[in-house]
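In case you want the letters, here they are:
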Amino acid sequence: MLPLPLAFLSLLLFSPGPALAADPTPAGAVLAPIETTPGGVSSDSGNPYAVIPEGYTSPQVPAPIDAISHNPSPRWHAAHAKARAFLANWTVEEKSMLCTGTGWSIGRCVGNTPPIPSRNWTGLCLEDSPLGVRFADFVSAFPAGINAASTFDKDLMYARGYAMGEEFKGKGVNVALGPMTNMGRVAAGGRNWEGFGGDPYLSGWATEMTIRGMQDAGVQATVKHYVGNEQERNRTTSSSNIDDRVLREIYTHPFLRAVQADVAAVMCSYNLVNGSWACQNSKTLNGVLKTDFGFQGYVMSDWTATHSGVLAANSGLDMDMPGDVTFGSLTSFFGQNLTQGVNNGSIPAARLDDMAQRIIASWFLLRQDQDYPAVNFDAFRRTAPENNSHVDVRDDHFKVIQHVGAASTVLLKNLNSTLPLCQPKSIAVIGSDMGPSPRGPNGFADRGGDEGTLAMGWGSGTAEFPYLIDPLTAIAKQARRDRSVLQWWLDDWDLSGVAGIAQTSEVTIVGINSDSGEQYITVDGNEGDRNNLTAWHNGDNVVLAAANASSNVVVVVHSVGPLIIESWIDHPNVTAVLWAGIPGQESGNALVDVLYGLYNPSGRLPYTIAKNRTDYSADIIYFNGTSGPEPQVNYTEGLEIDYRHFLAKNITPRFEFGFGLSYTRFNYTNLQVWNVSESKRDLEEWGLYERWSGSNESESGGASGAGGAVGGGNRTMVGSFTVKSLHRPRWTVSADIQNVGDVNGCEVPQLYLTYPPSAGEPPKVLRDFARINLDPWQAQKVSFNLSRYDVSIWDVVSQKWVIPEGEFGVTVGKSSLDRGVVGSFCPSGKK
Ligand code: BGC
């Protein structure tokens, strides 16, 4: 039995609390003006509190209430029809309850919506995380998002998503709180490892494939954090100021891909975007997400990221999570206040209908009305026997975990074919990162500590390890098979011990790491974001001590993101480097697969490893903004994040985005570009896009359906960004790839575009990639599709995707710096 304090629950949902007073919207107003950033602060350019530059303020956009009728997806259409029928007789109170969480820790999951017995509705369970079911036992600890990205393998991204989806469903979770797809704008960003790296297309593909996997398994996916949550420091007070083009081309792109994958939910973030809180920003919610993308699911707040009732609801927020104003306050901006807002006319009744319909439609979309398992764990009361049936949902997911672990390991250096190892006579394993933690894998709550091997970051983006195979254990098993002698030294601070062990062995394997996580936990002075980009626990000195004592040092790096490795990378005795990310529970097994050549490495860097921290185009604003006006985080680097900046400014990185070696070699030849012909229907639809978008016009004729759009009576045209003709293949690029080495291996050809100079794009931008497996001397033609959208830029004046005139360069290569094979074409037809 769930000890749900129903008295509390009803308090939250029905009694007028202080929340009403906290709602800044004047009672009776149909739409409140958007809030602006506190003014009156001097605009000193070095001052993060400088006033928002002109043009950064988010305009107000009405909710596209009548959205449903314009969406072309038959699945959503059917789901909304069912939802409309299901909700037909619900009262305003009941619909308000549907949209409001029960309050922090009231219920079994990190987020819960209340049961509504009068409607036979049992409520929804929402649970973290993007790498597995959080706060539960008998679940798997999957490789983090950043490792999924490193595979550059769409099928593996899907397989990981599917396996995670099965586990969420098996535990009775309705809504999984992942994937996370922020952009890694700054290398030290605390939660970068939860996401998919520093390129919008890599993130976009990974987001789409993960969601498709998760939702095919039956759980609702939640893409987060929308949008501009790129640093942990000041995440609840800072404004991410992003201009329109950069917002469209970089930061919202992965969310568009999520919508294209029919994602059920979007979580709005803690920060402000251009001066408006992300959870009441009508431009990003009503405008970009619901109107331009035509998103059909619901927007939930990040946990206590809601700042108002009427304003948030009218700006596009559909569900308030966890439901209380502050954790445990038992007051809510939604709940009873939502009811009151509708009753006094501040919120159009049609808007509440729309909110409820979006939530129920998502439930129908995932067929959760049909025999969906009941929640069988309790995130907050894990030892209460009556709430936890300890259902083992792991199946054989260790296989996909080990596979993704090996496929995401990036070989960065391999002198004289040091790797793969072949029955070495003696091995030294060095560094605390190679062994287990004395506390076990779950010794720190939410993994908020760094002891022993690192296989996960910290914060809400975690799960409990069922076990953790550390590298030393896995290497020991292999040593037994090979009859190798194995010694180890896990003390990072006794460097003479390190040297003593290293000098006696044929091969020395040194493990180092670097950790980060979510803001609410500070580890070793790191408040979520990393303070520096160097290895933790004396790691750089451990490598140097080993390399000065041994002529054959293999460095293994477990890191949440890039590190500056200049102090040792060129050391002649550092013969090989494996970048293993944070691979989850099978860490050691995956590493041994690669070390010994059972798995030929093909992982690629999902971000740039610079020579100096200052080489990156942006950094954390380490300003303690607990009082006073919000720090302004101005995205002045524009489109030039990660490798785009290094190319634009001609800065040589240590290892570029997309880079990774193999135990074999590949040749690229014969790049070709073809036109794909269009049907009459495509052309007609394209005409529609041209008419819809950019014109800001609404279709006249009055509203039908749910009762008319807020702020008008006209139907808002939605979904112009997802029309098929914008995304259908219009050109095909192909290249021939051949394995010219001695062993089977996977290669990752990457397609980059070079826009004509007038377009104002960085020198090269990634559009697609593939991972193919080839035997020695086997060749394969690899093809990529390009759509109109893929060759467009966002024109801020016409508010349209526009194909720039002129010649485009095309490169299919091994990384962002590789010259590969090149060609050109002119997509606009005008040179
Ligand atoms: C995080 C979210 C998470 C939520 C629930 C928040 O602090 O930002 O990513 O899903 O908590 O745990």
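No experiment lies behind these values; they were computed from the predicted model shown.

### A short note on the state of the cysteines
Tallied over the full model, the rule gives two disulfides. Residue pairing for cysteine 109: its cysteine sulfur links by disulfide to cysteine 125, the two sulfurs lying 2.1 Å apart. Classification of the bridge connecting cysteine 109 and cysteine 125 rests on its S-S torsion, roughly -95 degrees, and on that basis the disulfide is left-handed. Placement of the pair is cysteine 109 in the loop between α4 (92-98) and β1 (111-112) and cysteine 125 in strand β2 (residues 125-127), with a sequence separation of 16 residues. You can call cysteine 109 buried: its relative accessible area is 1%. We classify cysteine 125 as buried; its relative accessible area is 2%. Each sulfur of the disulfide joining cysteine 268 and cysteine 279 lies 2.0 Å from the other. Disulfide cysteine 268-cysteine 279: the torsion about the S-S bond is 110 degrees, which places it as right-handed. You can see cysteine 268 sitting in strand β6 (residues 265-268) and its partner cysteine 279 sitting in the loop between β8 (276-277) and α10 (283-292), a full eleven residues away along the chain.

### What about the environment of serine 203?
Looking at where serine 203 falls in the secondary structure, it is placed in helix α7 (residues 200-216). On the basis of relative accessible area, serine 203 is assigned to the buried category, the value being 0%. Sequence spacing of serine 203 and asparagine 182 is 21 residues, and the spatial spacing of their C-alpha atoms is 8.3 Å. The residues touching serine 203, leaving out its near neighbours within four places in the chain, are Thr181, Met183, Phe196, Gly197 and Pro254.

### Re the site of the ligand
Near the ligand you find 13 residues, and of these Asp128, Arg191, His225, Asp302 and Glu518 are the closest. In the environment of the ligand, an oxygen atom lies 2.7 Å from a nitrogen or oxygen atom belonging to the side chain of histidine 225. One of the side-chain nitrogen or oxygen atoms of glutamate 518 is found 2.7 Å away from an oxygen atom of the ligand. Protein chains bury 95% of the 310 Å² of accessible surface belonging to the ligand in isolation.

### Topic: empty space enclosed by the protein
Overall, the coordinates contain nine cavities of 30 Å³ or more when judged by the stated rule. Considered as a void within the structure, the largest cavity measures approximately 150 Å³ in volume. As for the largest cavity, its lining consists of 19 residues, and the residues nearest its centre are Gly184, Val186, Ala187, Asn192 and Tyr607. Here the second largest cavity defines a volume of roughly 110 Å³. Looking at the second largest cavity, it is lined by 14 residues, and the ones nearest its centre are Tyr201, Glu249, Arg767, Ser792 and Trp801. At the level of secondary structure, the elements contributing two or more residues to the lining of the second largest cavity comprise α7 and α8 (244-251). With three residues, the single largest contributor to the lining of the second largest cavity is α8. For the lining of the second largest cavity, the class distribution of residues is seven nonpolar, two polar and five charged. Shared between two domains, the lining of the second largest cavity holds at least three residues of each, these being domain 1 (74-366) and domain 3 (666-825).

### Considerations on the packing of aromatic side chains
Applying the stated criterion across every chain, the model contains 28 aromatic pairs. Centroid distance phenylalanine 86 to tryptophan 90: 5.8 Å. Interplanar angle 45 degrees. Geometry classified as tilted. Residue phenylalanine 86 is classed as partly exposed on the basis of its relative accessible area of 28%. You can call tryptophan 90 buried: its relative accessible area is 6%. Taken together, a centroid distance of 5.2 Å and an interplanar angle of 65 degrees make the contact between tryptophan 794 and tryptophan 801 edge-to-face. Tryptophan 801 matches tryptophan 794 in its accessibility class, with the two residues each being buried. One Lys or Arg, lysine 154, reaches over the ring of tryptophan 205 and ends 3.6 Å from the middle of that ring. Sitting above the plane of the tryptophan 205 ring, arginine 257 keeps its charged end 4.2 Å from the centroid.

Calculation rules
Residues numbered from 1 in each chain as written. Predicted model: local features only at pLDDT ≥ 70, side-chain atom pairs only at ≥ 80, totals over all residues. Heavy atoms only, no water. Disulfide = S-S within 2.5 Å. Helix = DSSP H or I, 4+ residues; strand = E, 2+ residues; numbered from the N terminus. Buried < 20%, exposed > 50% of the residue type's maximum accessible area, 1.4 Å probe, protein only. Contact = heavy atoms within 4.5 Å. Near = heavy atom within 4 Å. Polar contact = N/O pair within 3.5 Å; in protein donor to acceptor, adjacent residues only side chain to side chain. Areas by Shrake-Rupley, 256 points an atom, 1.4 Å probe, with all protein chains shown as cover. 1 Å grid on protein atoms, 1.4 Å probe; cavity = no way out; pocket = protein on both sides within 12 Å on 5 of 7 lines; lining within 4 Å. Points joined across faces, edges and corners; volume = space filled by probe spheres on them. Nonpolar A, V, L, I, M, F, W, Y, C, P; charged D, E, K, R; others polar. Domains from an automatic or database assignment. Phe/Tyr/Trp six-rings, centres within 6.5 Å; stacked < 30°, edge-to-face > 60°. Lys NZ or Arg CZ within 6 Å of the ring centre and 35° of its normal.

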